[in-house]
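Chain by chain, the residues run as shown.
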Amino acid sequence: MHRSHRRTRSHGLGRSHTGEPGRSRADVSGRSHTGAPGHPRADRPGLAGTPVRARLRTRGAAAACAVVLASALGAGPGPGSGSGSGSGTPSPAAGSIRWGDCPEKPVPDGMTCGYVTVPLDHEDPAKGTIRVALARIPATAPGRHPLGSLLLNFGGPGGRGTTSLAADPVTFSKLGERYDLVTFDPRGVGLSEPVSCGGSQEVGDGVPPDAASQLAALRAVARRCALHSGPVLPYVGTVQVARDLEVIRRALGDKKLNYLGFSYGTRLGAVYAALFPHRTGRMVLDGVDTLVEPLAEQALASARGRQRALDRFLTWCAHRPGCVYGTNTRTAKERVDDLVARLDRNPLIGDDGSWFTGQDAVDAIATALYAPTAWPALADALALAERRHDPVGLMQLGGPTGPVPDAGDGPATVPADNAEAALTAVNCADDPDRGEDRAGPAAVEREIRDLEPEFRAVSEIFGPGQLGTVLACYGRPAGTDFIRRIDHPGAPRMLLVGTRGDPATPYEWTEETARRLGSAVIVDHKGDGHTGYGTSACVRGHVDAFLTDGRLPHGTRACPAGE
C-alpha cells in the first residue's frame with residue numbers, strides 16, 4: 001500500500017513529566033514516522049502544509065508553544081516559481097537518464113534507479129546543479145498502446161518515492177501494465193541532497209521556560225538546520241520541486257506529465273499544473289491538500305479532521321463486542337479525553353523504561369486513524385491501557401517519536417532526521433504567513449492565548465497539539481505566496497479524490513482545491529482513512545479508468561464506504 005507522510009504528525013514534549021529519574025519516549029526510541037498506509041501530512045507538518053502531513057508539528061515548535069501557552073494562561077510567480085514557461089531550466093535529451101542498479105535493497109524485479117540533474121535554483125541556474133534520485137519499473141504489458149511514464153508521489157513532505165515504490169509495487173500493478181511507473185526522492189529528501197538539522201529539531205531541555213527564551217531557541221534550531229543542510233535548504237519548496245518534475249518529464253521523453261499524487265503529492269501536482277498547464281497530462285490527486293488556507297486555519301482544520309476521524313472510530317468501536325468504552329459514543333469521547341489528561345498527569349512506564357504520556361497516546365491514536373485496518377489494534381490497545389494500565393499496545397501503534405542514529409538499513413548519506421527536517425523545511429518554504437516571526441514574545445504569547453479556546457473547542461485532545469504547529473516555522477525565512485494565488489490556471493480536466501473520514505486532509509479541502517483549479521472532477525469517497533486509492537475498489541476503478549483510458553466522469557461521483 002502506498003504511503004504519504006502525515007503533515008499533521010503531533011509529538012510529545014519529550015520531557016519527563018515528574019522530574020524523577022526516567023526517560024521520555026523521545027529519549028529512547030524513535031525515528032519519526034512515515035505514516036500509515038495512505039499517509040502521512042502530511043501531517044502536513046510545518047503547516048504549509050504534510051502530510052502530511054500538518055498541519056506539521058515539529059517537536060521543538062510544539063514545546064515552545066506549550067511554554068508560551070502555559071505562560072499566557074497563568075498572482076504573479078513568487079521567488080523561485082518561474083513563469084511556467086520553463087525558461088532558465090536545462091532541457092535534457094529524452095532518454096538521458098542512465099538507469100542501473102538501485103543503491104538500496106531489496107527492490108522488485110525489474111526496478112532500476114538513476115539520477116537527473118536539475119538547477120539548484122530554477123530562477124538562477126548559474127548557482128549550480130543538484131541531482132534528483134529516480135526509480136522506475138517498466139510497463140509489464142504495454143501491448144500496442146504504451147502510455148509512457150506515470151510519475152508517482154506518495155506524500156510528505158519528506159517522503160521518499162524510491163523506497164515507497166520498492167515497498168509496494170503491487171498496489172499499482174494495473175497501472176503498471178501500460179505505464180512505466182516512475183517515482184523520485186524530491187530535492188532535500190533521501191538520496192536527493194538530503195537536508196538535516198543535526199539529528200533533532202528539539203529546542204533542548206535546558207532552555208528557560210519564558211516565551212522569549214523559547215522563541216530564541218526556535219531561531220537557534222533554524223540556524224542549526226541551515227548549518228547541517230548545506231546549499232539546498234533555501235530551494236526545497238514545492239515550487240522548485242514542481243519545476244524539477246518538468247525536467248524529469250523531458251528527460252523521460254514524455255510529451256506531457258501523467259501523474260498520481262497522494263496527500264502532499266496533491267499540492268505538488270496542483271503547483272505543476274499551475275506552472276505548466278499545457279504540459280499537464282492525466283493527473284489524479286488523492287487526499288487533497290489545501291492551497292489557500294493560512295497557517296492557523298490549516299492547523300484548526302487538521303484538529304477538526306482528526307477529531308472527526310476519532311468520533312467515527314468510536315462509533316465503529318461501540319458496535320464491536322467488548323469495546324472498552326461501551327456503546328455510548330458520547331461518553332466514549334469523554335473517556336478518551338480523560339485518558340489523555342490522566343496520562344499527562346501520571347505517565348505510564350513502558351517495558352523499555354520510558355515514560356508514556358498523554359501526548360504519546362494522542363500520537364498513537366492519530367497514527368491508527370490513518371487506516372481503518374488499524375482500528376482493531378487501536379481498540380485493543382486502548383482496552384489494555386484502560387484495564388491493565390499497560391501502554392505497550394499504544395506504544396506499538398505510535399511507534400518511535402524521534403530520530404535515532406542510522407541503523408544500517410539505508411545509505412549512510414541519508415541523515416536519520418532527514419524526513420522530519422525536510423517536512424518542516426518544505427512546509428515553511430511554502431508558507432508566506434509568518435508575521436509573528438517579527439513580533440515580540442508578548443505578542444506571540446497573546447496570539448497563542450487567543451487561539452487556544454477555539455482549538456480546544458474543536459478537539460480537547462488534538463487541538464492543543466495542532467495549535468503548536470502555528471510556531472512550526474518560527475525563525476525561518478518567509479515562503480512563497482505562489483501557491484496561495486493559484487486560481488484557474490487553465491490545466492486540463494483532472495480527477496480529485498476526497499475521503500469523508502480522512503484525518504489529515506479534510507474533504508472540504510478537496511472541494512476547495514477543485515474550485516481553485518477550475519478543471520477538476522471529484523470522487524467523493526464515503527469511507528475512512530487517509531486517501532482512497534489503496535483501500536477502495538470503487539476509487540481505484542475511477543482512477544485506473546481515467547489514467548489508462550482517459551475516461552473521466554462529468555460531475556462528482558460517489559464511492560460508498562467499503563466499496
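The rules we used
- Position labels on residues start from 1 in each chain and follow its written sequence.
- With pLDDT at 70 or above as the cut-off, local features in this predicted model cover only qualifying residues; side-chain atom pairs require 80 or more to be listed or tallied, and sums for whole chains, interfaces and linings still use all residues.
- Computation of side-chain values: all heavy atoms of the structure, hydrogens and water removed.
- When the sulfur atoms of two cysteines come within 2.5 Å, that pair is taken as a disulfide.
- Per-residue accessibility, obtained with a 1.4 Å probe over protein chains only, is compared with the maximum for each type, and a residue is labelled buried under 20%, exposed over 50%, and partly exposed between these values.
- To pair, rings of Phe, Tyr and Trp, with the six-membered ring standing in for Trp, must have centres within 6.5 Å; the planes then decide the type, stacked if under 30 degrees apart, edge-to-face if over 60, and tilted in the middle.
- A run of H or I in DSSP becomes a helix once it reaches four residues, and a run of E becomes a strand once it reaches two; helices and strands are each numbered from the N terminus.
- As a reminder, the over-ring test applies to NZ of lysine and CZ of arginine, requiring each to be within 6 Å of the ring centre and within 35 degrees of the ring normal.
- In protein, a polar contact means a hydrogen-donor-capable atom and an acceptor-capable atom, both N or O and within 3.5 Å, with residues adjacent in sequence counting only if both atoms are side-chain atoms; elsewhere, any N or O pair within 3.5 Å suffices.
- Counted as positive: Lys and Arg. Counted as negative: Asp and Glu, with His and the chain ends omitted from the count.
- By definition here, a salt bridge exists when the distance from a side-chain nitrogen of Lys or Arg to a carboxyl oxygen of Asp or Glu is within 4 Å.
- Throughout, nonpolar core names a set of buried Ala, Val, Leu, Ile, Met, Phe, Trp, Tyr and Cys residues whose side chains join them through atoms within 4.5 Å.
- Should any heavy atoms of two residues lie within 4.5 Å, those residues are counted as being in contact.
- Strands were regarded as paired on the criterion that DSSP finds at least two bridges between them.
- For crossovers, right-handed means that the path from the first strand over the helix to the second runs clockwise, given strands pointing away from the viewer.
- Throughout, an axis means a line fitted to C-alpha atoms (over the contacting stretch in the case of helices), and angles, computed between N-to-C directions, take values from 0 to 180 degrees.
- For classification, angles of less than 35 degrees are called roughly parallel, those exceeding 145 degrees roughly antiparallel, those between 65 and 115 degrees roughly perpendicular, and all remaining angles oblique.
- Under the scheme applied here, ten amino acids are nonpolar (Ala, Val, Leu, Ile, Met, Phe, Trp, Tyr, Cys and Pro), four are charged (Asp, Glu, Lys and Arg), and all others, including Gly, are polar.

Q: What is the right way to look at the state of the cysteines in this model?
A: Two cysteines whose sulfur atoms are joined by a covalent bond form what is called a disulfide. With the rule as written, the count across this model stands at five disulfides. Here Cys317 pairs with Cys323 through a disulfide, and the sulfurs are 2.0 Å apart. Across the S-S bond of Cys317 and Cys323 the torsion is about 110°, and the bridge reads as right-handed. When sorted by exposure, Cys317 lands in the same class as Cys323, which is buried. When the cysteines engaged in disulfides are numbered in sequence order, the protein chain pairs them as 1-2, 3-4, 5-6, 7-8, 9-10.

Q: Can you help me understand the packing of aromatic side chains in this one?
A: Working definition: an aromatic ring pair is given by the centre-to-centre distance plus the angle between the planes. One pass over the structure, following the stated rule, counts eight aromatic pairs. Where Phe154 meets Phe172, the ring centres are 5.8 Å apart and the plane angle is 75°; that geometry is what we call edge-to-face. Note that Phe154 is positioned in the loop between strand 3 (149–153) and helix 3 (161–167) and Phe172 in the loop between helix 3 and helix 4 (175–178), a separation of 18 residues in sequence. Among the aromatic side chains, those forming a connected cluster through ring pairs are Phe154, Phe172, Phe262 and Tyr533. Sitting above the plane of the Tyr115 ring, Arg131 keeps its charged end 3.8 Å from the centroid. For Arg500, the ring lying beneath its charged end belongs to Tyr507, and the centroid distance is 3.8 Å.

Q: Sorry if this is basic, but what is going on with unusual backbone geometry here?
A: Across the chain, the bulk of peptide bonds are trans and the bulk of non-glycine residues have phi less than zero. A cis amide bond, omega 0°, links Lys105 with the succeeding residue Pro106. Within the element layout of this structure, Pro106 appears in the loop between helix 2 (59–73) and strand 1 (112–119). Cis geometry is adopted by the peptide bond preceding Pro157, which originates at Gly156 and carries an omega value of -5°. If you trace the backbone, Pro157 turns up in the loop between strand 3 and helix 3. Of note in this structure, Ser263 is not a glycine but carries a positive phi near 55°. For Ser263, the position within the fold is in the loop between strand 5 (257–262) and helix 7 (264–275). Here Ser263 falls in the buried class, since its relative accessible area comes to 0%.

Q: Mind showing me how you'd approach helix 10 (residues 358–368) here?
A: Residues three or four positions apart in an α-helix share a direction because the helix packs 3.6 residues into each turn. With 11 of 11 residues buried, helix 10 lies mostly within the body of the structure. Where helix 10 is concerned, the buried positions are Gly358, Gln359, Asp360, Ala361, Val362, Asp363, Ala364, Ile365, Ala366, Thr367 and Ala368. By the N-cap criterion, in which a side-chain oxygen at the helix start approaches the backbone nitrogen of a residue two or three places on, helix 10 is capped by Thr357, the distance to Gln359 being 3.3 Å.

Q: Would you explain the side chain of Arg476 in this entry?
A: Considering the arrangement of structural elements, one finds Arg476 in the loop between helix 15 (463–467) and strand 9 (494–501). Buried and unpaired, Arg476 has no salt bridge, with Glu420 as the nearest side chain of opposite charge at 8.6 Å. Only 3.2 Å separates the side chain of Arg476 from the side chain of Gln201, close enough to count as a polar contact.

Q: What should I look at first to understand the nonpolar core in this one?
A: Generally speaking, a soluble globular protein has its nonpolar side chains buried in company with each other. Ranked by size, the top nonpolar core spans 110 residues in total, and within it Phe313 and Leu394 carry the most contacts. With nine residues, helix 8 (residues 295–318) is the largest single contributor of residues to this core. The contacts of Phe313, once residues within four sequence positions are left out, are Leu369, Trp375, Leu378, Ala379 and Leu382. Judged by nonpolar contacts, the second largest core, of 28 residues, contains Ile137, Leu152, Tyr179 and Tyr533.

Q: I tried to follow the pairing of strand 10 (residues 520–528) on my own but got confused; where do I start?
A: Looking down a regular strand, the side chains alternate between one sheet face and the other. When you tally the buried positions in strand 10, you get seven out of nine residues, the bulk of the element. In terms of strand pairing, strand 9 meets strand 10 through seven bridges, oriented parallel. In the sheet register, Gly498 faces strand 10, and the bridge partner there is Asp524. Tracing the backbone out of strand 9, into helix 16 (residues 507–517) and back to the parallel element strand 10 gives a crossover that is right-handed. Taken together, the three bridges between strand 10 and strand 11 (residues 557–559) define a ladder with parallel strand orientation. If you follow His525 over to strand 11, its bridge partner there is Cys559. Once the chain exits strand 10 it traverses helix 17 (residues 537–549) before rejoining the sheet at strand 11, and the crossover so formed is left-handed.

Q: Can you walk me through the packing of helix 8 against helix 11 (residues 375–388) in this structure?
A: Helix-helix packing is described using two parameters, namely the angle between the two axes and the distance between the axes. Across the interface, helix 8 lies against helix 11 with an axial gap of 11 Å and an inter-helix angle of 80°. Here helix 11 runs roughly perpendicular to helix 8, going by the angle between their axes. Between helix 8, through Ala309, Arg312, Phe313, Trp316 and Cys317, and helix 11, the contact on the second element is made entirely by Trp375, Pro376, Leu378, Ala379 and Leu382. Split into classes, the residues belonging to the contact of helix 8 with helix 11 amount to nine nonpolar, no polar and one charged.

Q: Could you clarify how one ought to interpret the environment of Arg320 in this entry?
A: Along the chain, the position of Arg320 falls in the loop between helix 8 and helix 9 (329–345). What makes Arg320 partly exposed here is its relative accessible area of 25%. Distance from Arg320 to Pro376, taken between C-alpha atoms, is 9.3 Å for residues 56 residues apart in sequence. Excluding its chain neighbours within four sequence positions, the residues that come into contact with Arg320 are Pro376, Ala379 and Asp380.

Q: Quick question: what am I supposed to make of the pattern of salt bridges here?
A: Any two side chains of opposite charge can pair if their charged atoms end up close together. Counting across every chain of the model gives 25 salt bridges. Arg160 serves as the salt-bridge partner of Asp185, at 3.1 Å between the closest nitrogen and oxygen. Separated by 25 residues along the polypeptide, Asp185 in the loop between strand 4 (180–184) and helix 5 (211–229) and Arg160 in the loop between strand 3 and helix 3 bring together distant segments of the chain. Both residues of the pair, Asp185 and Arg160, belong to the buried class. A salt bridge links Arg187 to Asp244, with the nearest nitrogen and oxygen atoms 2.7 Å apart. Linking Arg187 in the loop between strand 4 and helix 5 with Asp244 in helix 6 (residues 238–252), this pair joins segments that are 57 residues apart in sequence. One exposure class covers both Arg187 and Asp244, and it is buried. Beyond isolated ion pairs, a larger network of salt bridges with shared partners links Glu104, Arg160 and Asp185.

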